[in-house]
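Given next are the chains, with one letter for each unit.
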Amino acid sequence: MSRSRSTASPPKRDRYHHGDLRRSLIVAGREVLAERGVEALGLREVARRAKVSQAAPYHHFASKAELVSAIAQDGFDDFAEALRAAADAVGGGALQRLTGMGLAYVRFAVGNPNLFRLLFRPELRGGMREGPAAEAMARAGSAAYQVFLDAVTAAVEEGSVQGSAEDVAVAALSIVHGLSTLLVDGPVDLSQRSPDKLARVVVYALGGGINSRPMS
């Protein structure tokens, strides 16, 4: 006697309950940001991209501003990791590691222009300055800066850089962030130049500059 087979369909899960929903929404949001800019970000658009119901994002984000803050936090985390990875790949002394970070800074900006704008232009984040989401974003931004400051501090302690770590960090960031902004937004037309080659020229010049004794 043959055993009868059940033809009942397996129960459907709620559309928003699929693994790590919050992470899926952030990933979807970063895709929208990269393709269309922060103006296109919205809970409904991110839900569509993540293939969940329009109500699903509200389980994690009360507003677009909270979503944008979470994307910025995720971006800062990736930015810090890119700086650390570049330093590790270069190896060598502290100054060489710092130079590697400078190149990574510019490459990150050029490779992720809309994310770079979001991270460093607070007005694009909707003016969100209070609450857990804003605090988490601020901590992630501070942690990314600390990676750079730690590298500068190591170079000072090594003796390859003269001056206070804080002053040198500001000077170094002025160079690499300024170049990154020029490459991403102008106003100088650098479209006919290789961003990576230009970054190498500027960053290595920076390395030579901070390796010399500052003027009193």
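First, a word on what this report is: a plain description of the structure on this page. The structure displayed is predicted, hence computed values, not measured ones. (Residues numbered from 1 in each chain as written. Predicted model: local features only at pLDDT ≥ 70, side-chain atom pairs only at ≥ 80, totals over all residues. Heavy atoms only, no water.)

1. Here's the deal with the environment of V46
Along the chain, V46 falls in helix 2 (residues 43–50). Judged by its relative accessible area of 1%, V46 is buried. Taking the C-alpha atoms as reference points, V46 and I26, 20 residues apart in sequence, are found 8.2 Å from one another. (Helix = DSSP H or I, 4+ residues; strand = E, 2+ residues; numbered from the N terminus. Buried < 20%, exposed > 50% of the residue type's maximum accessible area, 1.4 Å probe, protein only.)

2. Quick notes on unusual backbone geometry
Apart from glycine, the bulk of residues carry a negative phi angle, and the bulk of peptide bonds sit in the trans form. A cis amide bond links G186 to the next residue, P187, at an omega of 10 degrees. Assignment of secondary structure puts P187 in the loop between helix 7 (165–185) and helix 8 (195–210).

3. Quick look at the pattern of salt bridges
Here the structure, examined in full by the defined rule, presents 10 salt bridges. Here R117 makes a salt bridge to D185, at a shortest N to O gap of 2.7 Å. Here the residue R117 occupies a position in helix 5 (residues 113–120), and D185 occupies one in helix 7, the gap between them amounting to 68 residues. Through salt bridges with shared partners, one network takes in R23, R30, D74 and D78. (Salt bridge = Lys/Arg side-chain N within 4 Å of Asp/Glu carboxyl O.)

4. Here we look at helix 4 (residues 94–111)
Three- or four-residue spacings in an α-helix give side chains the same orientation, since the helix completes a turn every 3.6 residues. In this model helix 4 runs 25 Å from its N-terminal to its C-terminal C-alpha over 18 residues, within 8% of the 26 Å that 1.5 Å per residue would give. Within helix 4, 13 of the 18 residues are buried, which leaves the element mostly enclosed by the surrounding structure. (Expected span 1.5 Å × (residues − 1).)

5. Observations concerning the packing of aromatic side chains
Tallying each qualifying case throughout the model produces 8 aromatic pairs. Geometrically, the ring pair formed by F116 and F120 is tilted, given 5.1 Å between the ring centres and 55 degrees between the ring planes. Residue F116 and its partner F120 are both found in helix 5; the two are separated by 4 residues, about one turn of the helix. On the basis of relative accessible area, F116 is assigned to the buried category, the value being 4%. By relative accessible area, which is 30% here, F120 ends up partly exposed. (Phe/Tyr/Trp six-rings, centres within 6.5 Å; stacked < 30°, edge-to-face > 60°.)

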